[in-house]
Amino acid sequence: MTFTAPEENTLGAIVGNARRRVSSTARRVGRASAHRGTLGTAFLGLGAAIVVCLRTVYGLSWFAALWPSYPRPEFAVASWLVLIAIIVLAIVASRAIGDRLPDWMFAVFLAGVAASTVLDLVAIWELHDIGRNATAGLAAGMALLLLVTLRGRAELVVATSTLGVGLAIAMFLDALPDDPIDAAWIAPQVTGVALAVLPTIIGVVVVETFRRLVQVELDRVLVQSTVQAPRFAVGMLASEELARLDLAAEELLESVANRKVVLPLIPKNASIAAQLATELRLHLIEGRRETWLYHAITESEMLGRSVTLVDKSALAGLLDPNQRDGLLSTAWLLVSENLKPSQNRTLTIQLGPVTPGGEVPDRKILVPIVITTTGVARNRVDSGVWDALSRVGRYSDSTQDGSLRVDIQCLVDNPADQ
């Protein structure tokens, strides 16, 4: 290790250097996590491209069949040329650019969709039946499906809704001067608008659900690692802080050994060293009070906002891995539908207190666990919850204030015999 400036011989520079390294690593991990958040959406984008291409072939076949009836076929040809151009542009851009379409290219794509739709409407306007005769105009709406993995949900919903409203207004304006509006006319118009709008809306819902599912499962995989943790341990966030402190201490000792920091330490360096030692002691003390379940809940984005833990005696650390997995799975399954802001499922897990008495096998103690919920109806509980509860211990369920309550008698090894 080499210091290039005199001030870097101080312990403060050493700690600062360690912090910069850890911060740089955290940023790299954050960028990687953000990229992994779109895990698999490239395959969804490929599927969308195939569907749009099939819809384009279908529209072209109808265009060929209706060619003799077009009052202004040159506009219809121009409409299809524009549509094919923007479809090719979107497919090439998705392969070359990555998982985000630039704003200017998105604006060009929307302009192409609008131009293709307007040209198609001009070509068939004199027929006074857009729903039955539009080809490129309806396919242009479905072309927005190509962007479901490249742009935000709100942008696509607004663009698709605007296109749908525009088509509906054009259909009524085109029909009013000539033919009366009746059920026979309405049906093909509604079908036409639906063909232009619904595929993209459904695609947005599918992609957003997939992304949310991936994020939840990644969160659960990270939290699941706590099942095999010791009774008392530091969590993932504290581990990063300990890594920073360990690096600072290592650099300090190396600098002392290489005589880059002179002993005895000057007051400024001694103060920084004392602060470093205090932080290490605090983390070690915390590691003797926080159980695996505490870290599983607090470090999970999903469980952290829905689950409250009451475990004053740190009894969760006594559970064996199978019991831990059952309790954690129960919590996940009970709040797994709490993904939308409109849903308000909460869960409280209380362990203890341990009371003497009862028929308990030798070298065992009975830990009472009470799970109370809000917003969880007894008849809406996932069937997997009961299997997970059976791995924790004997349980009984009831209803409290219209929501599920579970009382569990959990047998664990007596820590006094270990």
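Rules used throughout
- Residues numbered from 1 in each chain as written.
- Predicted model: local features only at pLDDT ≥ 70, side-chain atom pairs only at ≥ 80, totals over all residues.
- Heavy atoms only, no water.
- Helix = DSSP H or I, 4+ residues; strand = E, 2+ residues; numbered from the N terminus.
- Buried < 20%, exposed > 50% of the residue type's maximum accessible area, 1.4 Å probe, protein only.
- Contact = heavy atoms within 4.5 Å.
- Areas by Shrake-Rupley, 256 points an atom, 1.4 Å probe, with all protein chains shown as cover.
- pLDDT = per-residue confidence, 0-100.
- Pairing = 2+ DSSP bridges.
- Axes fitted to C-alpha atoms, helices over the stretch in contact; angles between N-to-C directions.
- Parallel < 35°, antiparallel > 145°, perpendicular 65-115°, else oblique.
- Left-handed = near helix turned anticlockwise from the far one by under 90°.
- Nonpolar A, V, L, I, M, F, W, Y, C, P; charged D, E, K, R; others polar.
- Phe/Tyr/Trp six-rings, centres within 6.5 Å; stacked < 30°, edge-to-face > 60°.

K.L.:
Outline the overall build of the protein, listing residues and values.
P.N.:
Counting its regular elements, the protein contains 14 helices and five strands. Put simply, the protein has 418 residues, and 41% of those count as buried. Taking as baseline every contact in the protein between residues at least 6 positions apart, the subset at least 24 positions apart corresponds to 77%. For the protein, the computed accessible surface area is about 22,200 Å², with 62% contributed by carbon and sulfur atoms.

K.L.:
Explain the confidence of the model for the protein to me, and be specific about the residues and the numbers.
P.N.:
This prediction gives the protein a mean pLDDT of 79; 76% of its residues lie at or above 70. The low-confidence segment residues 1-38 (pLDDT under 50) makes 47 contacts with residues lying over four places distant or belonging to another chain.

K.L.:
Please set out the pairing of strand β5 (residues 403-413) residue by residue, giving values where relevant.
P.N.:
Taken together, the nine bridges between strand β3 (residues 364-374) and β5 define a ladder with antiparallel strand orientation. Along β5, the bridge assignment pairs T372 with R405. Sheet topology places strand β4 (residues 394-400) next to β5; seven bridges connect them, and they run antiparallel. Paired with S398 across the two strands is R405, which belongs to β5. Once β4 ends, the chain turns through two residues before running back antiparallel as β5, passing D401 with a positive phi of about 55 degrees.

K.L.:
Please provide a residue-by-residue account of the packing of helix α6 (residues 136-143) against helix α8 (residues 183-224), values included.
P.N.:
A pair of packed helices is captured by two measures, namely the crossing angle of their axes and the spacing between those axes. Contact geometry of α6 with α8 gives a least axis separation of 7 Å together with a crossing angle of 15 degrees. Regarding the angle of α6 to α8, the classification is roughly parallel. Helix-helix and strand crossings are classified by hand; for α6 and α8 the assignment is right-handed. For the pair α6 and α8, the contacting residues are L138, G141 and M142 in the first and G192, L195, A196, P199 and T200 in the second. In terms of residue class, the contact of α6 with α8 is built from five nonpolar, three polar and no charged.

K.L.:
Explain the environment of V77 residue by residue, including any values.
P.N.:
Locating V77 in the fold gives a position in helix α3 (residues 73-96). A relative accessible area of 32% places V77 in the partly exposed class. Separated by 42 residues in sequence, V77 and L119 place their C-alpha atoms 8.7 Å apart. Every residue in contact with V77, bar those within four places of it in the chain, is listed here: F63 and W67.

K.L.:
Residue-level account of the environment of L66, with values.
P.N.:
Residue placement: L66 occurs in helix α2 (residues 41-66). Considered as a pair, L66 and A134 are 68 residues apart in the sequence and their alpha carbons are 9.6 Å apart.

K.L.:
Could you give an account of the sheet that holds strand β1 (residues 307-310), naming the residues involved and the relevant values?
P.N.:
Taken in spatial order, the five strands line up as β1-β2-β3-β5-β4 in an open sheet, and their pairing is mixed. Taken across any chain shown, the strands that pair with only one partner, and hence form the sheet edges, are β1 and β4. If you compare each strand with its neighbour and ignore which way they point, the axes differ by 15 degrees on average. Sheet topology places strand β2 (residues 346-351) next to β3; six bridges connect them, and they run antiparallel. Residue pairing in the sheet places L347 in a bridge with T373 of β3. In the packing of helix α14 (residues 384-392) onto the sheet, contacts are made with β3, β4 and β5, and the angle to β5 comes to roughly 30 degrees.

K.L.:
Tell me what's going on with the packing of aromatic side chains, and back it up with residues and numbers.
P.N.:
Within this structure, the stated rule accounts for five aromatic pairs. The interplanar angle of 50 degrees and the centroid separation of 6.3 Å between the aromatic rings of F63 and W80 together place this pair among those described as tilted. Within this pair, whereas F63 is found in helix α2, its partner W80 is found in helix α3, the two being separated by 17 residues in sequence. In this structure, F63 and W80 share a single accessibility class: buried. A centroid spacing of 5.4 Å and a plane angle of 65 degrees characterise the contact between F172 and W185, whose relative ring orientation is edge-to-face. Remark: W185 occurs in helix α8 and F172 occurs in helix α7 (residues 153-175); sequence separation between them is 13 residues. The buried category is assigned to W185, whose relative accessible area is 7%. In this structure an aromatic cluster arises from ring pairing among F63, W67, Y70 and W80.

K.L.:
Tell me about the pairing of β2, residues and numbers included.
P.N.:
Burial along β2 is one-sided: the face carrying L347, I349 and L351 is buried and the face carrying T346, T348 and Q350 is not. Examined bridge by bridge, β1 and β2 share four bridges and lie parallel to one another. Within β2, the position partnered with V307 by the bridge is L347.

K.L.:
Requested: an account of the packing of helix α13 (residues 321-335) against α14, with residues and values cited.
P.N.:
Where α13 meets α14, the closest approach of the two axes is 7 Å, and the angle between their N-to-C directions is 150 degrees. Taken together, the axes of α13 and α14 are roughly antiparallel relative to one another. Two packed elements cross with a definite hand, and for α13 against α14 that hand is left-handed. Counting all contacts with α13, which are made through N322, Q323, D325, G326, L327, S329, T330, L333 and L334, the residues of α14 involved are G384, V385, A388, L389, R391 and V392.

K.L.:
Describe unusual backbone geometry, with residues and values.
P.N.:
The omega torsion of the bond from G352 to P353 falls at 0 degrees, within 30 degrees of zero and hence cis. Along the chain, P353 turns up in the loop between β2 and β3. Its identity is not glycine, yet A314 carries a phi of approximately 55 degrees, on the positive side. On the basis of relative accessible area, A314 is assigned to the buried category, the value being 8%.

K.L.:
With reference to specific residues and values, describe α6.
P.N.:
Most of α6 sits out of view: eight of its eight residues are buried. Within α6, burial applies to A136, G137, L138, A139, A140, G141, M142 and A143.

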